[in-house]
Amino acid sequence: MATVLISKTTPLTKLVHFLILTSSLLPILSINITNLLSPYPDLSSFTSLLLSTSVAADLSNRSSVTLLAVPNSALRLSGQPSPSADVLRYHVLLEYLSPSDLRQISPAGKLVNTLYQATGRASGDSGSVNVSSDPVTGAVTVGSPASQAKVVNLIKSIPYNVTIYSINSLLIPSDSDLMASENRPVLGLNITKALIDGHGFNVAVAMLAGSGVVDELEADEGGAGITLFIPTDEAFADLPVTARFQSLPADKKAVVLKFHVLHSYYPLGSLESIVNPVQPTLATEDMGAGSYTLNISRVNGSVEINSGIVQATVTRTVFDENPVVIFGVSKVLLPKEIFVNNKRMVIGAPPPDELVSPGSSLEMFGPVSHLPSPPWSSEDARSEAANNRIHNYIICCIGLYLLV
């Protein structure tokens, strides 16, 4: 006689089922460029070039990127049907830029690092592209002093992971000797040089060098890697006199500098989707567990860093090559362990629960209300928002069903 087994469903079992089901709805964390571009025959030549070089493999290890794909016809007209790998890397922007992000860029433009810049072979900031939006037509232009292209349409968008646009021309970096640069070996990271090439970090360079912290960081590039949040010169200039930062003894200044460093490699995509917002810093390792931590979150499309006293915005990626990434930030991160306990609290600073200011993260790009929606992106932006709402609705329904 057969025995019928009746499984007993417990709340724990339901929770496991819920997690399994919802995990299939989470965004893709790695990029399979072949699968994403294969439905578009007009991009077949560009896809083949990515696959025949190591660029496709580079993309599979990254998240939060924007790919500027060149159609077959534009490749033929460029006179370079087989561009080098670094030229292709120049078409990979190290930021996720949705159609709504492009609308928010000011007409003056925004400098964005590329995968070519991250190799360390680019001269100065020649591996970066300038992205600008026409306030009248909404047309988006990308490029360098050597070449420019127009964004034609949106091909694919996976929120916060990858966006693919087609452009009407091949982009060429402004390096005078690109072929030679590809064959040049990549040396160990020189943080000082990376910041000088990034422009606008002179105060931080002087402080890192004077304190000896930069030597410690460069000696510790291996292992889990490091993530640096470097305040701009404007951020240091905006420090209130009441902070009395310059009057700190040398050892305390070194602690503040280490407070700007995470002892792990977190590219922009990882910061945007970080699971545990409270992160220990290099200062935590020196001063004790639980102290000198940073709270990292995504607010209004930007990555925000809360020190407990001030909240800073990640303004751009200065350098990104595993295992080291350097971000520019809008404010000096002041640890409460020094600036509160030692009565150095910044007068006039809002309390921690009021630090998030809706809409303020867009101010770095200038006023955006007058920018029209590009004709090719408005529908896609609405579709992207609708997809997110449906995604959240499905998860809630599944959760409620399993828990009743």
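Basis of the calculations
Residues numbered from 1 in each chain as written. Predicted model: local features only at pLDDT ≥ 70, side-chain atom pairs only at ≥ 80, totals over all residues. Heavy atoms only, no water. Buried < 20%, exposed > 50% of the residue type's maximum accessible area, 1.4 Å probe, protein only. Helix = DSSP H or I, 4+ residues; strand = E, 2+ residues; numbered from the N terminus. Pairing = 2+ DSSP bridges. Contact = heavy atoms within 4.5 Å. Axes fitted to C-alpha atoms, helices over the stretch in contact; angles between N-to-C directions. Phe/Tyr/Trp six-rings, centres within 6.5 Å; stacked < 30°, edge-to-face > 60°. Salt bridge = Lys/Arg side-chain N within 4 Å of Asp/Glu carboxyl O. Polar contact = N/O pair within 3.5 Å; in protein donor to acceptor, adjacent residues only side chain to side chain. Core = buried A, V, L, I, M, F, W, Y, C linked by side-chain atoms within 4.5 Å. pLDDT = per-residue confidence, 0-100.

Undergrad: Got a minute to help me understand the pairing of strand β8 (residues 226-231) in this structure?
TA: Two faces make up the sheet, and in a regular strand the side chains alternate between them. By the criterion of burial, β8 is predominantly enclosed, with six of the six residues buried. Side chains of β8 alternate between two faces, with Ile226, Leu228 and Ile230 and Thr227, Phe229 and Pro231 buried alike. Relative to strand β14 (residues 324-329), β8 runs parallel, the two being bridged by six bridges. If you follow Phe229 over to β14, its bridge partner there is Phe327. The sheet contact formed by β8 and strand β9 (residues 261-262) spans two bridges and is antiparallel. Bridge assignment links Thr227 to a residue of β9, and that residue is Leu262.

Undergrad: What should I look at first to understand the sheet that holds strand β12 (residues 302-306) in this one?
TA: Sheets are built from strands paired through backbone hydrogen bonds, the pairs being either parallel or antiparallel. Reading across from one edge, β9-β8-β14-β13-β12-β11-β10 is the order of the seven strands in this open sheet, with mixed pairing throughout. The two strands at the open ends of the sheet, each matched to only one other strand, are β9 and β10 (278-280). Strands in contact with helix α10 (residues 191-198) are β8, β13 (311-321) and β14; relative to β13, the strand with the most contacts, it is inclined by about 115°.

Undergrad: In this structure, what is going on with the packing of aromatic side chains? I would like to understand it.
TA: Aromatic ring pairs are defined here through the distance separating the ring centres and the angle between the ring planes. Applying the stated criterion across every chain yields a total of five aromatic pairs. Arranged with centres 6.0 Å apart and planes meeting at 20°, the rings of Phe229 and Phe327 form a pair that is stacked. On the criterion of sequence distance, the pair formed by Phe229 in strand β8 and Phe327 in strand β14 is long-range, its members being 98 residues apart. Across the pair, Phe327 and Phe229 agree in class, each one buried.

Undergrad: Help me out: how do you make sense of the pattern of salt bridges in this one?
TA: Oppositely charged side chains are able to pair whenever their charged atoms sit close together. This structure, assessed with the given rule, holds five salt bridges. The residue Asp197 makes a salt bridge to Lys193 at a minimum N-O spacing of 2.6 Å. Of the two residues, Asp197 and Lys193 are both situated in helix α10; the distance of four residues between them amounts to about one turn of the helix. Each member of the salt-bridge network shares a partner with another, and the members are Glu216, Lys258 and Asp286.

Undergrad: When you look at helix α14 (residues 250-258) in this model, what are you seeing that I'm missing?
TA: Owing to its 3.6 residues per turn, the α-helix brings residues three or four apart onto one side. Within α14, the full set of buried residues consists of Lys253, Ala254, Val255, Val256, Leu257 and Lys258. Buried residues along α14 sit against α11 (202-211), α12 (213-218), β9, α16 (282-287) and α17 (336-339).

Undergrad: Hey, could you run me through the sheet that holds strand β5 (residues 140-143) in this one?
TA: What the seven strands build is an open sheet, ordered β2-β1-β7-β6-β5-β4-β3; its pairing is mixed. Two strands close off the open sheet at either side, each with one partner strand: β2 (92-93) and β3 (110-113).

Undergrad: Can you walk me through the environment of Lys258 in this structure?
TA: You can see Lys258 is positioned in helix α14. We classify Lys258 as buried; its relative accessible area is 11%. In the structure, Lys258 is positioned 44 residues away from Val214 in sequence and 9.7 Å away in space, judged by C-alpha atoms. Look past the residues within four positions of Lys258 in its chain and what remains in contact with it is Val213, Glu216, Thr281, Leu282, Ala283 and Asp286. Only 2.7 Å separates the side chain of Lys258 from the side chain of Asp286, close enough to count as a polar contact.

Undergrad: Please explain α11 as it appears in this structure.
TA: Those residues of α11 that fall on the buried side of the exposure criterion are Ala204, Val205, Met207 and Leu208. Residues of α11 that are buried make contact with α10, α12, β8, α13 (233-237) and α14. Directly beyond the C-terminal end of α11, a positive phi value near 85° is found at Gly212.

Undergrad: Would you mind going over the environment of Asp286 with me for this structure?
TA: Here Asp286 lies in helix α16. For Asp286, a relative accessible area of 46% gives the class partly exposed. Residues Asp286 and Val255 lie 31 residues apart in sequence; the distance between their C-alpha atoms is 8.2 Å.

Undergrad: In this structure, what is going on with the nonpolar core? I would like to understand it.
TA: Nonpolar side chains tend to gather and get buried jointly when the protein is soluble and globular. Leu217, Leu228, Phe229, Phe245, Ile326, Leu334 and Phe339 are the most contacted members of the largest nonpolar core, which has 55 residues in total. Considering each element in turn, this core owes the most residues, five residues, to β14. Core analysis: the next-biggest nonpolar cluster, separate from the first, contains 48 residues, Leu59, Leu75, Leu97 and Ile155 among them.

Undergrad: When you look at the confidence of the model for the chain in this model, what are you seeing that I'm missing?
TA: Any residue range with low pLDDT should be treated as having predicted coordinates unsuitable for detailed reading. For the chain, per-residue confidence averages 75 on the pLDDT scale, and 71% of positions sit at 70 or higher. This stretch, residues 179-187, has a pLDDT under 50; its non-local contacts, to residues over four places away or in other chains, come to 12 contacts. This stretch, residues 342-391, has a pLDDT under 50; its non-local contacts, to residues over four places away or in other chains, come to 87 contacts.

Undergrad: Looking at this structure, I do not really get unusual backbone geometry. What am I missing?
TA: In most cases, non-glycine residues show a negative phi, while peptide bonds are predominantly trans. Located in the positive-phi region is Arg244, a residue other than glycine, with phi close to 50°. Residue placement: Arg244 occurs in the loop between α13 and α14. Relative accessible area serves as the criterion here: at 41%, Arg244 is assigned to the partly exposed category. Non-glycine residue Asn300 carries a positive phi angle of around 55°. By the secondary structure assignment, Asn300 is in the loop between β11 (293-299) and β12. According to the relative accessible area criterion, Asn300 is partly exposed, its value standing at 41%.

Undergrad: Would you take a moment to explain the side chain of Ser126 for this structure?
TA: Examined against the element boundaries, Ser126 turns out to sit in the loop between α8 (115-118) and β4 (128-133). Once residues within four sequence positions are removed from consideration, Ser126 is found in contact with Tyr90, Gln117, Pro173, Ser174 and Asp175.

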